[in-house]
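Listed below, chain by chain, are the residues.
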Amino acid sequence: MDLNYSKCWSASKKESWKNILLLAYQSLGVVYGDLSISPLYVFYSTFAEDIHHSETNEEIFGTLSFVFWTLTLVPLFKYVFIVLRADDNGEGGTFALYSLICRHAKVSLLPNRQVADEALSTYKMEHRPEKKSSSRAKLFLEEHKSLHTALLILVLVGTCMVIGDGVLTPAISVFSAVSGLELSMSKEHHQYAVIPITCFILVCLFALQHYGTHRIGFLFAPVVLTWLLCISSLGLYNIFCWNRQVYKALSPYYMFKFLKKTRKSGWMSLGGILLCITGSEVMFADLGHFSYDAIQIAFTFLVYPALILAYMGQAAYLSMHHDASSQISFYVSVPEIVRWPVLIIAILASVVGSQAIISGTFSIINQSQSLGCFPRVKVVHTSNKIHGQIYIPEINWLLMILCIAVTIGFRDIKHMGNASGLAVMAVMLVTTCLTSLVIILCWHKPPILALSFLLFFGSIELLYFSASLIKFREGAWLPILLALFLVTIMFVWHYATIKKYEYDLHNKVSLEWLLALGPSLGISRVPGIGIVFTNLTSGIPANFSRFVTNLPAFHRTLVFVCIKSVPVPYVPPAERYLMGRVGPPAHRSYRCIVRYGYRDVHQDVDSFESELVDKLANFIRYNWSQSPLNFDSVNEDGGSRSSEGRLAVIGMLASDFDLEESVRPESVSISFPTVNSVSDVIEMENVGVMDKRVRFAIDESKSDSESEFGATFAADALLQEELQELFEAQQAGTAFILGHSHVKAKQGSSILKRLAINYGYNFLRRNCRGADVALKVPPVSLLEVGMVYIV
């Protein structure tokens, strides 16, 4: 695929106002679809049961005051002015915050981490002076391993609530828009028309997902812009027509007056008021597609005023129509002459808002899968020009079934609103907690500032969360049930993935074993390229030793490929491939580490296979250009020893990495070549493990020109020979060697662990996509090696 990895905006160059305004306009259709349709159901959900509209208007004005200050404090102050600045190389969302924290503190549970990953250009960290207080907080977090697990569970809970919102938002949005038919139809006809029409629209919406949004995406922004202008115009009309004094209700005094009168019922009704901020999290999650300035301008100068006018207009109308207490909805405030056009625009806007959350669900599941927290699913890239547009068939149809089930099962905006509100507030609470950690660990601000942020916004969100939680029997049980189910699946998968990696790490075969394989042992080398997939970044995987033991032959060109994720949003293609030798050049064995970020697009295997050969050829040329005839691999005690060679980033620049084997994740020496050919070597110490260090001693005795000429000539001949063998092996064909694993818990393990591993993980493994499908390995070239993991 020819994917465009460049960002939509460049942080290094100042943007022109024209580009910023264009991005702000485009963000309307992607970011604000869900947030802009909330006026359809906020007042209806608030007055559904707990409180009633009275002639004093205290309930209406109190609700408007709550809506105004909630919109002002949470989306405007919290997200637009604070959270949006906690970006990860311009990317936002739950995993962006988690990756930022993992880069600034050693709290990540991801396996096969390498110090070499810190040399990535996207692995940049702020170099602000670290204060003693933030340093103490960092040490406390790093020392307690239980906090690492708690942090991961917190991130997984936020992720699962986003997925739950992907089930609920399309249902409540489309259902609320279609419910406008009740004013144009009899009650009998309306009862049997709204549900089928809603389900039909939802089926069409999910059935069109595989085409991608890039084909009709240009319509999204005009639809949302038209909707925002429509509701703001209706709001102004109702204000001037019915009650011009409604602006007084914006005073916080009316909130206290509202709670004083309604007491417990008013607190319970907050579960409907909080729906006015649904979709606020999307501003942060979709930050990578736009700039901070564009999102800030679009919300501050268009979306926010339009929403405030819409809510004020509804309150102005209802303040003069007390007989409509049994029919408080958005459409009663719409003049009858424009009701049908508004209904059509509302349905289109609800579809756009639903599309945004569905695409966000696909994206966050793909990120979870990249970080080893979700079973393998098929990811289809719907655009070869726009980076990040994906479609996941299994998740799409599951979401469709669940959305239709919610619509048919609840048949009520109130219950849908209770469920959606709890999911929204749970995600916001997770974001608040993670942002407070970013303030301390990444921004190096005083802990009192982070604590103030956590207490102020966390108390607001906890108030709304408690109001939603009290509606457990009235719909709020659904997101909790979904979250428990998904968190269990994700945590079990992640736990088993780490245990499998630890098993591979402790059962890997030494390099000497591989080099000893030869004709004397009856081992033959067959033509072609053998690509062995492994999770290890050093050593020989156990599945390869099992393969050679049962079939005493392997390919003349052998490549150990490790496809790993790093805690950055994306890895530039020029820095993706980390190449090195396994053993001496004559053995024709190589190691390739392919690094992807959590938002990166994994390429298909055809382009990967050809690109891998190209990168190998480039590495061979680079490796021989370093005068390998002058290098002797020796131990620190001077003894001869075979080892893994240097790892080089093969791309636009060539950077070397010395790989040092150890029982735990590797210790790595990094050299950064500069313009003046001066290398600064950084030794990274491995924690608590006696590592075997390999050094490369340069023999400077051959300094005369005749010896140099002879060495160069010999090196060129060997280079051409190795390249020729590589291309001949490519012509002979490629075989992909994968491990087919079965995981069992150790004897004596707890019942919970045995249930999770023996039944839970193995059930998921059998029913999810196989590694060959996920890696798009051609079946005709696949060799699977059975492995039993005892963890």
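Preceding block: the structure.
Everything numeric here is computed off the predicted structure, so don't read it as measured data. (Residues numbered from 1 in each chain as written. Predicted model: local features only at pLDDT ≥ 70, side-chain atom pairs only at ≥ 80, totals over all residues. Heavy atoms only, no water.)

Focus on the overall build of the protein
Consideration 1: Within the protein, the secondary structure is distributed over 24 helices and 14 strands.
Consideration 2: Split into buried and exposed, the 791 residues of the protein put 57% on the buried side.
Consideration 3: Counted over contacts in the protein with a minimum sequence separation of 6, partners at least 24 positions apart contribute 82%.
Consideration 4: Accessible surface, the protein as shown: approximately 34,200 Å² in total, 61% of it carbon and sulfur. (Helix = DSSP H or I, 4+ residues; strand = E, 2+ residues; numbered from the N terminus. Buried < 20%, exposed > 50% of the residue type's maximum accessible area, 1.4 Å probe, protein only. Contact = heavy atoms within 4.5 Å. Areas by Shrake-Rupley, 256 points an atom, 1.4 Å probe, with all protein chains shown as cover.)

Focus: the packing of aromatic side chains
Consideration 1: According to the stated counting rule, one finds 21 aromatic pairs in the structure shown.
Consideration 2: A ring pair is formed by Phe 77 and Phe 81, whose centres lie 6.3 Å apart and whose planes are at 55 degrees; its orientation type is tilted.
Consideration 3: Residue class for Phe 81 comes out partly exposed when judged on its relative accessible area of 36%.
Consideration 4: Taken together, a centroid distance of 6.3 Å and an interplanar angle of 35 degrees make the contact between Phe 544 and Phe 547 tilted. One end of the pair is Phe 544 and the other is Phe 547, both in helix 20 (residues 542–550) and three residues apart, which spans about a single turn.
Consideration 5: In this structure Phe 544 comes out as buried when scored by relative accessible area, which is 0%.
Consideration 6: Classification of Phe 547 by relative accessible area gives buried; the value is 10%.
Consideration 7: Put simply, the rings of Phe 544, Phe 547, Phe 554 and Phe 560 touch in pairs and so form one group of aromatic residues.
Consideration 8: Positioned above the aromatic ring of Tyr 123 is the side chain of Arg 103, whose terminal nitrogen or guanidinium carbon lies 5.4 Å from the ring centre.
Consideration 9: When the ring centre of Tyr 789 is taken as reference, the NZ or CZ atom of Lys 500 above it lies at 5.4 Å. (Phe/Tyr/Trp six-rings, centres within 6.5 Å; stacked < 30°, edge-to-face > 60°. Lys NZ or Arg CZ within 6 Å of the ring centre and 35° of its normal.)

Section: the packing of helix 4 (residues 58–80) against helix 10 (residues 253–262)
Consideration 1: Running from N to C, helix 4 and helix 10 cross one another at 130 degrees; their axes reach a closest spacing of 8 Å. In terms of orientation, helix 4 lies oblique with respect to helix 10. As for how helix 4 packs across helix 10, the hand of that crossing is left-handed. Contacts from Glu 58, Glu 59, Phe 61, Gly 62, Thr 63, Ser 65, Phe 66 and Trp 69 of helix 4 reach helix 10 at Tyr 254, Met 255, Lys 257, Phe 258, Leu 259, Lys 261 and Thr 262. (Axes fitted to C-alpha atoms, helices over the stretch in contact; angles between N-to-C directions. Parallel < 35°, antiparallel > 145°, perpendicular 65-115°, else oblique. Left-handed = near helix turned anticlockwise from the far one by under 90°.)

Here we look at helix 7 (residues 145–178)
Consideration 1: Look at helix 7: 50 Å from first C-alpha to last across 34 residues, which is about the 50 Å you get at 1.5 Å a residue.
Consideration 2: Leu 168 marks where helix 7 bends most, by close to 30 degrees; the proline Pro 170 follows one to four residues later.
Consideration 3: With 26 of 34 residues buried, helix 7 lies mostly within the body of the structure. (Expected span 1.5 Å × (residues − 1). Bend = angle between axes of the 7 residues up to and from the residue.)

As for the pairing of strand 13 (residues 734–744)
Walk down a regular strand and you will see the side chains alternate between the two sheet faces.
Consideration 1: Pairing of strand 3 (residues 524–533) with strand 13, which is carried by four bridges, proceeds in the parallel orientation. Paired with Gly 530 across the strands is Ala 735, a residue of strand 13.
Consideration 2: Pairing geometry for strand 13 and strand 14 (residues 782–790), over nine bridges, is parallel. Counterpart to Phe 736 in the pairing with strand 14 is Leu 782. (Pairing = 2+ DSSP bridges.)

Here's the deal with the environment of Tyr 495
Consideration 1: Among the structural elements, Tyr 495 can be located in helix 18 (residues 477–506).
Consideration 2: Taking C-alpha positions, Tyr 495 is 8.9 Å from Ile 757, a pair spaced 262 residues apart along the chain.

Overview of the nonpolar core
Consideration 1: Within the largest apolar cluster, 168 residues are counted, with the highest numbers of intra-cluster contacts made by Tyr 32, Leu 40, Leu 71, Trp 227, Phe 299, Tyr 311 and Phe 330.
Consideration 2: Per element, the largest residue contribution to this core is 17 residues, and it comes from helix 13 (residues 292–319).
Consideration 3: Ignoring anything within four residues of it in the chain, the contact list for Leu 40 reads Ser 173, Ser 176, Ala 177, Trp 227, Phe 330, Tyr 331 and Ala 346.
Consideration 4: Listed in part, the 31 residues of the second largest apolar core include Ile 531, Tyr 577, Leu 612 and Leu 616. (Core = buried A, V, L, I, M, F, W, Y, C linked by side-chain atoms within 4.5 Å.)

Some details on the pattern of salt bridges
Consideration 1: Counting across every chain of the model gives 10 salt bridges.
Consideration 2: A salt bridge links Lys 257 to Glu 58, with the nearest nitrogen and oxygen atoms 3.7 Å apart. Taken together, the positions of Lys 257 in helix 10 and Glu 58 in helix 4 put the pair 199 residues apart, joining distant regions of the chain.
Consideration 3: Look at Lys 257 and you get partly exposed, because its relative accessible area is 30%.
Consideration 4: Residue Glu 725 is joined to Arg 588 by a salt bridge in which the shortest nitrogen-to-oxygen separation is 2.9 Å. In this pair, Glu 725 is assigned in helix 22 (residues 705–732) and Arg 588 in the loop between strand 5 (577–581) and strand 6 (589–596), connecting sequence segments 137 residues apart.
Consideration 5: The class of Glu 725 is partly exposed, set by a relative accessible area of 30%.
Consideration 6: The exposure class assigned to Arg 588 is buried, which follows from its relative accessible area of 10%. (Salt bridge = Lys/Arg side-chain N within 4 Å of Asp/Glu carboxyl O.)

Thoughts on unusual backbone geometry
Consideration 1: In this model, Arg 411 sits at a positive phi of 55 degrees, which is unusual for a non-glycine residue.
Consideration 2: With respect to the secondary-structure elements, Arg 411 resides in the loop between helix 15 (393–410) and helix 16 (413–441).
Consideration 3: Classification of Arg 411 as exposed rests on a relative accessible area of 53%.
Consideration 4: Even without being glycine, His 444 reaches a positive phi, approximately 55 degrees.
Consideration 5: Note on placement: His 444 falls in the loop between helix 16 and helix 17 (447–469).
Consideration 6: When its relative accessible area of 8% is taken as the criterion, His 444 is described as buried.

Points about the environment of Leu 484
Consideration 1: Tracing the backbone through its elements, the reader meets Leu 484 in helix 18.
Consideration 2: According to the relative accessible area criterion, Leu 484 is exposed, its value standing at 58%.
Consideration 3: Measuring from C-alpha to C-alpha, the distance between Leu 484 and Val 157 comes to 8.3 Å, with 327 residues separating the pair along the chain.

Topic: the packing of helix 14 (residues 339–370) against helix 15
Consideration 1: Running from N to C, helix 14 and helix 15 cross one another at 135 degrees; their axes reach a closest spacing of 11 Å. Between helix 14 and helix 15, the angle is such that the two are oblique. Relative to helix 15, helix 14 is oriented so that their crossing is right-handed. The segment helix 14 lies against helix 15, with Thr 361, Phe 362 and Ile 365 engaging Ile 395, Asn 396 and Leu 399.
Consideration 2: Of the residues in the contact of helix 14 with helix 15, the class split is four nonpolar, two polar and no charged. (Nonpolar A, V, L, I, M, F, W, Y, C, P; charged D, E, K, R; others polar.)

Observations regarding the side chain of Glu 722
Consideration 1: Structurally, the position occupied by Glu 722 is in helix 22.
Consideration 2: Polar side-chain contacts of Glu 722 include one of 2.5 Å to the side chain of Tyr 590.
Consideration 3: Among all residues touching Glu 722, those that are not within four sequence positions of it are Arg 581, Pro 585, Arg 588, Tyr 590, Ile 620 and Trp 624. (Polar contact = N/O pair within 3.5 Å; in protein donor to acceptor, adjacent residues only side chain to side chain.)

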